[in-house]
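One letter stands for each residue in the lines below.
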Amino acid sequence: MDTEVEMKMNSEGEPTISWPLLSWLASCIMVFGGVVPYIPQYQEILRTSSTEGFSTRVCLVLLVANILRIFFWFRKQFELPLLFQSIVMILTMLAMLHLCCSVQTANRVSTKQHYFTAIDKNPISIQTCRVQIKGDTDEYPMSLCMLPDGSILYDLDLRYFWSWARFEDYLLFCFSFTVLSALITFLFLDSVLFVEGLGSLAVLTEAMLGVPQLLQNFQNKSTRGMSIKMVLLWTAGDLFKTTYFLVNEAPSQFWLCGIAQIFIDIAILLQVFFYRQETHTKYG
């Protein structure tokens with residue numbers, strides 16, 4: 001892509017900026033624009049010291065989608081701004097998770113904690129440890145496994161997937177997923193069917209970005225704690241990037257899923273209106 005700025009004269013003799021500069025600006029917006037919606041949500045979490053209104057599974061969706069997109073690029077090298085956008089987005093989601101873990105740790109009043117992996121190096125016994133972990137309530141059993149050295153590997157219960165107590169567990173999951181994806185990708189890198197499927201999976205996963213937040217709002221019967229600015233910026237960004245995909249003739253997977261994202265964004269905005277109207281009717 002030629003990013004050299006060219007100055008031309010219009011019919012009145014005034015200088016005008018040529019398309020290459022506009023293209024360069026659009027690329028910069030593509031790379032860093034995806035971060036902007038999370039700034040108001042980040043500020044909202046800091047202000048309220050609560051993560052209740054924000055679904056951290058949004059971070060999961062974006063991490064998985066962008067890791068897959070990076071591997072898709074190795075075989076089908078699309079626009080570089082889209083590759084850089086993925087790297088920036090991964091770093092942004094890790095920053096959001098770090099904040100959420102910090103806030104949840106500060107607010108924790110219960111001893112119940114869940115981990116992606118955790119090893120107790122000094123277990124009393126499986127039975128005693130099991131009772132201690134279940135001490136708060138019988139509704140939260142842990143998955144226990146005795147290792148050869150006598151340590152206990154626990155809390156691999158899928159019911160608590162992505163509800164871990166430590167930021168390190170999220171990093172470990174991302175590392176494990178990246179290594180597994182890399183292995184599979186390089187084994188099947190020459191398969192056109194696999195590569196196209198990988199690209200479709202990446203953009204389809206990203207298209208589901210708003211679904212966790214949609215479900216969180218439905219579960220809470222409220223959008224309190226969710227930054228409305230974030231969703232509005234999602235919508236504006238999805239409109240922009242879908243147009244960008246079409247203009248730059250990106251693979252069809254990109255713009256089709258961009259359209260799907262726009263509809264999900266609209267559904268979340270309708271939730272905001274509905275729950276506010278419901279609250280006004282109930283307490284008005």
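Please read all numbers here as calculations on a predicted model, not as lab measurements. (Residues numbered from 1 in each chain as written. Predicted model: local features only at pLDDT ≥ 70, side-chain atom pairs only at ≥ 80, totals over all residues. Heavy atoms only, no water.)

1. Let's talk about the overall build of the protein chain
Thinking step 1. Summing up its helical and strand segments, the protein chain has 10 helices and 5 strands in all.
Thinking step 2. For the protein chain, the residues scored as buried account for 41% of the 284 residues in total.
Thinking step 3. For the protein chain, restricting intrachain contacts to residue pairs at least 6 apart in sequence, the fraction spanning at least 24 positions comes to 74%.
Thinking step 4. Accessible surface for the protein chain amounts to roughly 16100 Å². Of this, 64% is attributable to carbon and sulfur atoms. (Helix = DSSP H or I, 4+ residues; strand = E, 2+ residues; numbered from the N terminus. Buried < 20%, exposed > 50% of the residue type's maximum accessible area, 1.4 Å probe, protein only. Contact = heavy atoms within 4.5 Å. Areas by Shrake-Rupley, 256 points an atom, 1.4 Å probe, with all protein chains shown as cover.)

2. Considerations on the UniProt feature "transmembrane region" (unreviewed entry) in the protein chain
Thinking step 1. UniProt feature "transmembrane region" (unreviewed entry): in the numbering of this structure it lies at residues 20-42, 54-74, 80-103, 170-189 and 253-275.
Thinking step 2. As a span, residues 54-74 carries 86% helix and 0% strand, and end to end its C-alpha atoms are 33 Å apart. (UniProt positions renumbered as here; feature names shortened; annotations may be inferred.)

3. Considerations on the nonpolar core
Thinking step 1. By size, the foremost hydrophobic cluster in this structure holds 56 residues, and its most contacted members are Tyr 38, Phe 54, Leu 63, Met 93, Trp 162, Trp 234 and Phe 254.
Thinking step 2. The element that contributes the greatest number of residues to this core is helix H3 (residues 57-75), accounting for 13 residues. (Core = buried A, V, L, I, M, F, W, Y, C linked by side-chain atoms within 4.5 Å.)

4. Topic: the packing of aromatic side chains
Thinking step 1. If you walk through the whole model with that rule in mind, you get 15 aromatic pairs.
Thinking step 2. Centre to centre, the rings of Trp 162 and Tyr 170 are 4.7 Å apart; their planes meet at 85°, and the pair counts as edge-to-face.
Thinking step 3. On the basis of relative accessibility, which here comes to 2%, the residue Trp 162 falls in the buried class.
Thinking step 4. Taking the relative accessible area as the measure of exposure, Tyr 170 reaches 3% and is therefore buried.
Thinking step 5. Taking the centre distance of 5.4 Å and the plane angle of 65° together, the rings of Phe 274 and Tyr 275 count as edge-to-face.
Thinking step 6. A relative accessible area of 47% places Phe 274 in the partly exposed class.
Thinking step 7. Taking the relative accessible area as the measure of exposure, Tyr 275 reaches 7% and is therefore buried.
Thinking step 8. Taken together, the ring pairs connect Phe 161, Trp 162, Trp 164, Tyr 170, Phe 173 and Phe 177 into an aromatic cluster. (Phe/Tyr/Trp six-rings, centres within 6.5 Å; stacked < 30°, edge-to-face > 60°.)

5. What to know about the packing of helix H2 (residues 38-48) against helix H4 (residues 80-107)
Thinking step 1. At a minimum axis separation of 10 Å, H2 and H4 run at an interaxial angle of 10°. Taken as axis vectors, H2 and H4 run roughly parallel relative to one another. Every residue of H4 that contacts H2 at Tyr 38, Gln 41, Tyr 42, Ile 45 and Leu 46 is listed here: Met 89, Thr 92, Met 93, Ala 95, Met 96, Leu 99, Cys 100 and Val 103.
Thinking step 2. The class makeup of the residues in the contact of H2 with H4 is 11 nonpolar, 2 polar and no charged. (Axes fitted to C-alpha atoms, helices over the stretch in contact; angles between N-to-C directions. Parallel < 35°, antiparallel > 145°, perpendicular 65-115°, else oblique. Nonpolar A, V, L, I, M, F, W, Y, C, P; charged D, E, K, R; others polar.)

6. Some thoughts on the state of the cysteines
Thinking step 1. What the rule picks out here adds up to 0 disulfides.
Thinking step 2. In this structure Cys 100 is not part of a disulfide, and its nearest cysteine sulfur, from Cys 59, lies 6.0 Å away.
Thinking step 3. You can call Cys 100 buried: its relative accessible area is 2%. (Disulfide = S-S within 2.5 Å.)

7. So, helix H8 (residues 211-220)
Thinking step 1. Of the positions making up H8, those classed as buried are Pro 212, Gln 213, Gln 216 and Asn 217. The arc that holds every buried residue of H8, seen down its axis, measures 135°, which confines them to one face. Relative to its buried face, H8 has exposed residues pointing more than 90 degrees away, namely Leu 215, Phe 218 and Gln 219. (Arc of directions from axis to C-beta.)

8. Considering empty space enclosed by the protein
Thinking step 1. The final tally for this structure, using the stated rule, is 1 cavity of 30 Å³ or more.
Thinking step 2. As a volume, the largest cavity reaches approximately 50 Å³.
Thinking step 3. Taken together, Arg 69, Val 203, Glu 206, Lys 241, Phe 245, Phe 254, Cys 257, Gly 258 and Gln 261 make up the full set of residues lining the largest cavity.
Thinking step 4. Elements with a minimum of two residues in the lining of the largest cavity: helix H7 (192-207), helix H9 (228-247) and helix H10 (252-283).
Thinking step 5. Considering every element that reaches the lining of the largest cavity, the biggest residue donor is H10, with 4 residues.
Thinking step 6. Residues of the lining of the largest cavity, tallied by class, amount to 4 nonpolar, 2 polar and 3 charged. (1 Å grid on protein atoms, 1.4 Å probe; cavity = no way out; pocket = protein on both sides within 12 Å on 5 of 7 lines; lining within 4 Å. Points joined across faces, edges and corners; volume = space filled by probe spheres on them.)

9. Here we look at unusual backbone geometry
Thinking step 1. Despite not being glycine, Ser 49 shows a phi value in the positive range, around 55°.
Thinking step 2. Topologically, Ser 49 is positioned in the loop between H2 and H3.
Thinking step 3. Positioned with a positive phi, Trp 162 is a non-glycine residue whose angle comes to about 65°.
Thinking step 4. Structurally, Trp 162 can be placed in the loop between strand E5 (152-154) and helix H6 (167-187).

10. Topic: the side chain of Ser 86
Thinking step 1. If you trace the backbone, Ser 86 turns up in helix H4.
Thinking step 2. The class for Ser 86 is buried, based on a relative accessible area of 0%.
Thinking step 3. A distance of 3.5 Å separates a polar atom in the side chain of Ser 86 from a polar atom in the side chain of Arg 69. (Polar contact = N/O pair within 3.5 Å; in protein donor to acceptor, adjacent residues only side chain to side chain.)

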